[in-house]
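# Examining the three-dimensional arrangement
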Amino acid sequence: MVGVIIYVGITKGNRGKLYYIFITFLIMGICIYTAINYSEIKKVDSSPVIMKFSYTNDLASSHLELRQDDTYLLTQNNFMGEEFSRGKYSIQDSIIKLGYISVGSVIKSETLLMRKGLADETILYQVDKDDNQYRIIEKTLPFILTTSK
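Residues numbered from 1 in each chain as written. Predicted model: local features only at pLDDT ≥ 70, side-chain atom pairs only at ≥ 80, totals over all residues. Heavy atoms only, no water.

The number of helices and strands found in the protein chain is two helices and nine strands. Put simply, the protein chain runs from its N terminus to its C terminus through helices and strands in the order α-α-β-β-β-β-β-β-β-β-β. Expressed as a percentage of its 149 residues, the buried residues of the protein chain come to 30%. Across the protein chain, contacts joining residues at least 24 apart in sequence account for 27% of those joining residues at least 6 apart. (Helix = DSSP H or I, 4+ residues; strand = E, 2+ residues; numbered from the N terminus. Buried < 20%, exposed > 50% of the residue type's maximum accessible area, 1.4 Å probe, protein only. Contact = heavy atoms within 4.5 Å.)

In structure tokens, the structure reads:
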């Protein structure tokens, strides 16, 4: 379609109109591309949430949603904006393995451990495995279970 518009604009000498028509098609293309991507993201996030873990601070909060289709959504909020990370996960007993971790994430380990806390809440710790034992990583954020199905 763009090729036809350019051909007609050049052969008939209407270069001013060609500019406006091209800009119109460019804006329409960007709008269609955005709408398609938005609908695809909504499909990805349509699976029901099994467990939701949260960490809240004064200026920031993070939420890890484990979904029924074995995908997770990690949301990091701060006063400047929001960041999202998605990927696959697997659960074995009380160990959760995440498939992909983004570079600037609050989660530093792909292995997470669920344990009961003092107030009978479920806490999610970030762990490393050394000599067949899991060790909690110091200076990482513990997430608390807020929603469970």
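Its location among the elements puts Leu 124 in strand β7 (residues 122-130). Residue contacts for Leu 124: discarding those within four places in its chain leaves Phe 53, Leu 64, Ile 96, Leu 112, Leu 113, Met 114, Leu 141, Pro 142 and Phe 143.

As a further point, take unusual backbone geometry. Even without a glycine there, the phi angle at Asp 93 is positive, about 55°. One can find Asp 93 in the loop between β4 (81-92) and β5 (95-98). Phi at Asp 120 takes a positive value of approximately 65°, unusual for a residue other than glycine.

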